[in-house]
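Reading the structure
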Amino acid sequence: MYDVEEIRHHFPILERRIGDRRLVYLDNAATSQKPRQVIEALTDYYEHHNANIHRGVHHLAEEATVAYEAARRKIAHFLDTPDTAGLVFTRGTTEAINLVAYAWGRKFLREGDEVVITEAEHHSNLVPWQLAAQATGAKLRFIPILEDGTLDMEEAERLIGARTRLVGCIHASNVLATINPVERLAELAHENDALMLVDGAQSAPHLPVSVEALGCDFFACSGHKMLGPTGVGVLWGKPEILEEMDPFLGGGEMIREVHLDHSTWNDLPYKFEAGTMNVAQAVGLGAAVDYLESLGMENVREHERRLGEYAYRRLSEIEDLTLYGPKRERTGIVSFSLPDVHPHDLSQLLDEEGIAIRSGHHCTQPLMRRLGVAATARASFYVYNTEEEIDALASAIVRAREFFGAFSGAKP
Ligand code: 7TS
């Protein structure tokens, strides 16, 4: 049984008040809150086990290494892969994609090659490819989105072809709440001997994910969006592909032998883990994954599907409000705007009621241009959110609409 009230008790921050209001935290797509289980895993690590990993023979070094490697196994299990060799810890999704764009892109892309991504990418799956294209002479191609926010798959079939070397796509959109058919894109990529990279920043926290079932070659996600600490995320890659890539960062731990004039590389995944890693954070992410698995990702998805549909319905009842993205098959995100009200002003007003949402371009400026707006407001839900919180959001938007209507002299 999914008991949201019991879940809420695990999150100390949800007891906070903002002024005289109870916190209503609806900015989970930016970062999630952390359960006591994760906070305690961090404290326990620092109080009892802290040491540098993979290099000491003393007791603590051994314990820290075991905890770090146990976290890697938990995350591999969570992403449904036996390949811990392919599971590289990074700072998050952004670093994971940059790793691929540098270590694979700089080595294998050539003039005339193409990287196919979508119009709806977060900047972190666009800018690294722009840089790789500039460095190699490769070109970027973009799968357009249709009016309802889903991908134009007919155009995708035309764009992905003999010149394509890599297809990159968000699994779920941080603005439109769409879930993209990345399995189909992976098939198209592989039919053309190209690789498939999935940006899972907005899927791994919210849906059951199997990198094997997706059929992708790379999968990236961020710990802080899935109940874990900041500063840690993962890149999963097929080991045989990671093996062929150049290192990303050079330094300690990623080497096997160092000579004055050359070096050789450590085994996977250590070849991509240069320097002292965010060990405590990785352990904390392991605890976050344990927590999510104890809830069951199917249950998490079902809870958020319900909240997403409820929010879409409640907000679509508000006069003049524009909602973005498809009507069905959504994640727990709603992006919206009111005519003549800047989303920042709207979120400021909501903040006065203790309701935390995000406004802005959400690091998707090309998508904003495609939607014909400079910014949107966005509410995003997670395991601890409730229908009452969505009611509070809807009432606050209605009051904001009246406030701004009166302010501009227009009929509210
Ligand atoms: N990809 C997607 C789809 C995202 O939503 C984000 C962060 C990232 C990549 C980057 O993740 P990071 O952990 O490396 O920063 N998205 C958001 C957001 O929507 N609001 O704040 C951050």
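All figures in this text were calculated on a predicted structure; none of them were measured in a lab.

Here we come to unusual backbone geometry. With an omega of -5°, the peptide bond running from Leu268 to Pro269 counts as cis. With phi around 75°, Asp320 is a residue other than glycine that occupies positive phi space. Looking at the secondary structure, you find Asp320 in the loop between α11 (297–316) and β13 (322–323). Overall, Asp320 belongs to the partly exposed group, its relative accessible area being 44%.

To continue, consider the site of the ligand. If you check the shell around the ligand, you find 16 residues, and the closest are Thr94, Asp199, Ser222, Arg358 and Arg378. With respect to the ligand, the backbone of Thr93 contributes an N or O atom lying 3.4 Å from an oxygen atom. Within the side chain of Ser222, a nitrogen or oxygen atom sits 2.7 Å from an oxygen atom of the ligand. The protein chains hide 88% of the 490 Å² of surface that the ligand would expose on its own. More than half of the atoms belonging to the ligand lie within 2 Å of the grid points that define the largest pocket. Partitioned by chemical class, the residues of the shell around the ligand number four nonpolar, eight polar and four charged.

Going through the model one piece at a time under the given rule, you end up with two cavities of 30 Å³ or more. If you trace the largest cavity, you find it lined by Asn28, Ala29, Gln202, His206, Glu304, Thr331, Gly332, Ile333, Ser380 and Phe381. Roughly 30 Å³ of internal volume is contained in the second largest cavity. Together, Ile53, His54, Arg55, Tyr68, Glu253, Glu273, Gly275, Thr276 and Met277 line the second largest cavity. Looking at the lining of the second largest cavity residue by residue, the class counts come to three nonpolar, three polar and three charged.

Moving on to the sheet that holds strand β17 (residues 376–380). Pairing is antiparallel in the open sheet, where four strands are placed in the order β13-β14-β17-β16. Either end of the sheet is taken by a strand with one partner, and the two such strands are β13 and β16 (358–360). Pairing geometry for β16 and β17, over three bridges, is antiparallel. Paired with Gly360 across the bridge in β17 is Thr376. Strands β14 (333–337), β16 and β17 of the sheet are contacted by helix α12 (residues 343–351), whose axis makes an angle of about 165° with β16.

Our next topic: the pairing of strand β4 (residues 87–90). Here β4 shows two buried faces, one formed by Leu87 and Phe89 and the other by Val88 and Thr90. Both β4 and strand β10 (residues 233–237) contribute to a ladder of four bridges, which runs antiparallel. Looking at β10, one finds that Phe89 is bridged to Val234.

Before going further, it helps to spend a moment on the domain arrangement of the chain. When the domains of the chain are assigned, the result is domain 1 (4–26 + 297–408) and domain 2 (38–293). The gap between the C-alpha centroids of domain 1 and domain 2 is 29 Å. In this assembly, domain 1 packs against domain 2 so that about 2,600 Å² is buried in total across both faces, 64% of it on carbon and sulfur atoms. Contact with domain 2 buries surface across domain 1, with Met297, Arg370 and Tyr382 losing the most and accounting together for 27% of the total. Across the contact surface, domain 1 and domain 2 share two salt bridges. Across the pair Glu147 and Arg370 runs a salt bridge whose closest N-O atoms are separated by 3.4 Å. Across the domain 1-domain 2 interface, the total number found is 13 residue pairs in polar contact (both at pLDDT 80 or more). Secondary-structure elements contributing two or more residues to the side of domain 1 that touches domain 2 are α11, β14 and α13 (365–371). Per-element tally for the side of domain 1 that touches domain 2: the top contributor is α13, with six residues.

Let us now look at the packing of aromatic side chains. Aromatic ring pairs are defined here through the distance separating the ring centres and the angle between the ring planes. Under the definition given, this model contains nine aromatic pairs. Judged by centre distance (4.7 Å) and plane angle (65°), the rings of Phe11 and Tyr384 are edge-to-face. With Phe11 in the loop between α1 (4–9) and β1 (17–18) and Tyr384 in the loop between β17 and α14 (387–408), this pair connects stretches of sequence that are 373 residues apart. Judged by relative accessible area, Phe11 falls into the buried class, the value being 0%. Each ring, one from Tyr45 and one from Tyr46, has its centre 5.5 Å from the other, and the planes form 70°; the classification is edge-to-face. Classification of Tyr45 as buried rests on a relative accessible area of 2%. Following the ring pairs from residue to residue traces out a cluster consisting of Phe11, Tyr291, Tyr382 and Tyr384. Arg106 extends its terminal NZ or CZ atom over the ring of Tyr102, reaching a point 3.9 Å from the ring centre.

To continue, consider the environment of Leu176. On the secondary structure map, Leu176 appears in the loop between β7 (164–170) and α7 (182–191). Judged by its relative accessible area of 1%, Leu176 is buried. Distance from Leu176 to Phe336, taken between C-alpha atoms, is 9.6 Å for residues 160 residues apart in sequence. With sequence-adjacent residues up to four places away left out, Leu176 is seen in contact with Ile145, Gly149, Tyr324, Gly325, Pro326, Arg330, Leu367 and Leu371.

In terms of burial, strand β9 (residues 218–222) is a largely internal element, five of the five residues being buried. Of the two faces of β9, the one lined by Phe218, Ala220 and Ser222 and the one lined by Phe219 and Cys221 are each fully buried. Both strand β8 (residues 195–199) and β9 contribute to a ladder of three bridges, which runs parallel. From the neighbouring strand, Asp199 faces β9, where its bridge partner is Ala220. Bridge analysis of β9 against β10 gives five bridges, and the strand direction is antiparallel. Bridge assignment links Phe218 to a residue of β10, and that residue is Gly237.

Rules used throughout
Residues numbered from 1 in each chain as written. Predicted model: local features only at pLDDT ≥ 70, side-chain atom pairs only at ≥ 80, totals over all residues. Heavy atoms only, no water. Helix = DSSP H or I, 4+ residues; strand = E, 2+ residues; numbered from the N terminus. Buried < 20%, exposed > 50% of the residue type's maximum accessible area, 1.4 Å probe, protein only. Near = heavy atom within 4 Å. Polar contact = N/O pair within 3.5 Å; in protein donor to acceptor, adjacent residues only side chain to side chain. Areas by Shrake-Rupley, 256 points an atom, 1.4 Å probe, with all protein chains shown as cover. 1 Å grid on protein atoms, 1.4 Å probe; cavity = no way out; pocket = protein on both sides within 12 Å on 5 of 7 lines; lining within 4 Å. Sits in = over half its atoms within 2 Å of the grid points. Nonpolar A, V, L, I, M, F, W, Y, C, P; charged D, E, K, R; others polar. Points joined across faces, edges and corners; volume = space filled by probe spheres on them. Pairing = 2+ DSSP bridges. Contact = heavy atoms within 4.5 Å. Axes fitted to C-alpha atoms, helices over the stretch in contact; angles between N-to-C directions. Domains from an automatic or database assignment. Buried area = accessible area lost by both parts, 1.4 Å probe. Salt bridge = Lys/Arg side-chain N within 4 Å of Asp/Glu carboxyl O. Phe/Tyr/Trp six-rings, centres within 6.5 Å; stacked < 30°, edge-to-face > 60°. Lys NZ or Arg CZ within 6 Å of the ring centre and 35° of its normal.

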